[in-house]
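Per-entry structural report
The lines below spell out each chain.
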Amino acid sequence: MEANSAKSTTSASSLRWKILRRSLIRRPSSNSEDKSEMGIQRISRKATHGFNLIPFHLMKDRAEENANSSKENPMDSSWDATLCYTLPVPNAPQLILHQRVDDMAHLNNFEVCNRYDIDNTGLVCQWPSEDVLAHYCLSHASIFRQKRVIELGSGYGLAGLIVAMATEAREVFISDGNPRVVDYIQCNVNANSGSFGGTEVKPLMLHWGREKDYDISNTFDVIIASDCTFFKEFHGALVQTIKSLLKEEGPSEAILLSPKRGDSLDKFLIQVRDSGLHFRTDEIYDEEVWRRHQGFVEGDDSWPNYEKDHCYPLLVRITR
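So, here's what we can say about the structure. (Residues numbered from 1 in each chain as written. Predicted model: local features only at pLDDT ≥ 70, side-chain atom pairs only at ≥ 80, totals over all residues. Heavy atoms only, no water.)

1. Thoughts on the overall build of the protein chain
This is how it is decided: In DSSP terms, a helix is any run of H or I states spanning at least four residues, a strand is any run of E spanning at least two, and both are numbered starting from the N terminus. Buried residues are those whose accessible area, probed at 1.4 Å on protein chains only, stays under 20% of the maximum for their type, while exposed residues exceed 50% and partly exposed ones sit between those limits. Any two residues whose heavy atoms approach within 4.5 Å are treated as being in contact.
Looking only at helices and strands, the protein chain features 12 helices and 10 strands. For the protein chain, with 320 residues in total, the buried portion stands at 54%. Here the analysis covers contacts within the protein chain between residues at least 6 apart in sequence; of these, 75% occur between residues at least 24 apart.

2. Brief notes about the pattern of salt bridges
The following threshold applies: By definition, a salt bridge exists where a carboxyl oxygen of Asp or Glu is found within 4 Å of a side-chain nitrogen of Lys or Arg.
Evaluated as defined, the whole model comprises 15 salt bridges. For Lys202, the salt bridge goes to Glu171, with nearest N and O atoms at 2.8 Å. In this pair, Lys202 is assigned in strand β6 (residues 200-205) and Glu171 in strand β5 (residues 171-176), connecting sequence segments 31 residues apart. With a relative accessible area of 28%, Lys202 lands in the partly exposed category. Taking the shortest distance from any N to any O, the salt bridge between Asp263 and Lys232 comes out at 2.5 Å. Of this pair, Asp263 sits in the loop between β8 (253-258) and α10 (264-274) while Lys232 is found in the loop between β7 (222-226) and α9 (235-245), placing the two residues 31 residues apart along the sequence. Given a relative accessible area of 33%, Asp263 falls into the partly exposed group. Within this structure, Arg148, Glu171, Glu200 and Lys202 form a network of salt bridges that share partners.

3. Thoughts on the sheet that holds β8
For sheets, the rule is that strands pair by backbone hydrogen bonds, running either parallel or antiparallel. Filter applied, for reference: At least two bridges found by DSSP between two strands is the condition for calling them paired. Axes here refer to lines fitted to C-alpha atoms; in helices the fit is confined to the stretch in contact. Angles between the N-to-C directions go from 0 to 180 degrees.
The sheet built from seven strands is open, its strands ordered β6-β5-β4-β7-β8-β10-β9 with mixed pairing. Each edge of the sheet is formed by a strand with only one pairing partner; in this case those strands are β6 and β9 (278-282). When strand polarity is set aside, the average angle formed by the axes of neighbouring strands in this sheet is 15°. In terms of strand pairing, β7 meets β8 through five bridges, oriented parallel. Looking at the pairing, Ile224 lines up with Ile255 of β8. Where helix α7 (residues 158-166) meets the sheet, its contacts fall on β4 (148-151), β5, β6 and β7, and the angle it forms with β5 comes to roughly 170°. Along the sheet, α10 makes contact with β8, β9 and β10 (314-319), crossing β10 at roughly 10°.

4. A look at the packing of aromatic side chains
What counts, and what does not: When the centres of two rings from Phe, Tyr and Trp lie within 6.5 Å, Trp using its six-membered ring, the rings pair. Their planes under 30 degrees apart give stacked, over 60 give edge-to-face, and anything left gives tilted. By definition, being over a ring means that NZ of Lys or CZ of Arg is both within 6 Å of the ring centre and within 35 degrees of the ring normal.
Throughout the structure, instances matching the rule amount to 16 aromatic pairs. When the centroid spacing of 5.4 Å and the interplanar angle of 90° are considered together, the rings of Phe173 and Phe220 count as edge-to-face. One end of the pair, Phe173, is in strand β5; the other, Phe220, is in the loop between β6 and β7, and 47 residues separate them in sequence. Taking the relative accessible area as the measure of exposure, Phe220 reaches 0% and is therefore buried. Through a chain of ring-to-ring contacts, three or more aromatic side chains come together here, namely Phe51, Tyr136, Tyr285, Trp290, Phe296, Trp303, Tyr306 and Tyr312. In this structure, Arg148 is placed above the aromatic ring of Phe220, and the distance from its NZ or CZ to the ring centre is 4.7 Å. The ring of Phe230 is capped by Arg261, whose NZ or CZ atom sits 4.7 Å from the centre of that ring.

5. Topic: helix α11 (residues 287-297)
Rule in force here: To obtain the arc, one takes the directions from the helix axis to the C-beta atoms. In protein, a polar contact requires one atom able to donate a hydrogen and another able to accept it; more generally it is a pair of N or O atoms within 3.5 Å, and residues adjacent in sequence count only if both atoms are side-chain atoms.
Within α11, burial applies to Val289, Trp290, His293 and Phe296. Around the axis of α11, the buried residues are gathered within 120° of arc, so they sit on the same side. Along α11, exposed side chains directed more than 90 degrees from the buried face belong to Glu287 and Arg291. Buried residues in α11 make contact with α6 (128-139) and α12 (308-311). Residue Asp286 occupies the N-cap position of α11, its side-chain oxygen lying 3.0 Å from the main-chain nitrogen of Glu288.

6. What about the side chain of Arg317?
Position of Arg317 relative to the elements: it lies in strand β10. Using a relative accessible area of 17% as the deciding quantity, one classes Arg317 as buried. Separated by 3.3 Å, the side chains of Arg317 and Tyr136 make a polar contact. Other than its neighbours up to four places away in sequence, Arg317 contacts Tyr136, Ile143, Glu253, Ala254, Ile255, His278, Phe279 and Arg280.

If you want it as structure tokens, here you go:
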């Protein structure tokens, strides 16, 4: 998620420092659980508390391997972990994803956030909606076939990479407003470059509300995003970007997956409506996602403290 207006600077900065404080006060676990499971729990944006719709395993936790090495360099590989996803579709290649370790915080990452007036959630927060978005894209591959697609606020780019690998899209942009995050996107594109077939894949540093700087306005058939409506301060810029990027001629749409989070999603949709765009929301849009949601509600302890309002993403489809 990104912000670019003076009005949102104070609020965005406050949110960033709350995230930093939460990361800094964490304490190492003394539990002697299986190391692979512990490694998975430490990975940013992919924790055991999620819908876990796409099978994956931890290939390498370089933070564990280099525990005694210097960590002064925030981009040092010792901060990273590598996941391998097995896509549940015939003849699909494995997807390699490099991610930041969740319990690490770097002060200069927050200096980057302040310099660019962006947030740091792409590096330090877990967003289960990304897994649901990736699963939804796999289940509806025909939506993307031979289309020009962009993922907004993508973090490490799981959903965008899956669209590029498994849907025969013509072109996929995987974007975020944080340059540190875009470095990871580029790394992940490189790691999977042999698996895209004829699809062209492009990492992009994109600040919401500034899309005209990149000469990409009115060029996308499909926009995808997950859990990008949490911060109300960014709603206006996100709506502006969606409206600007959607093609004016021919069918085009934005596909968002976001929990309600109090009145945050509702307020975002009010701005969508006021901008002249059209939308519809669906609660039961995928049988397997709904089945797992019901299990969590009924007490499945693999996701403690599960709350529908904050955890279950609604499907939002936006059109002109």
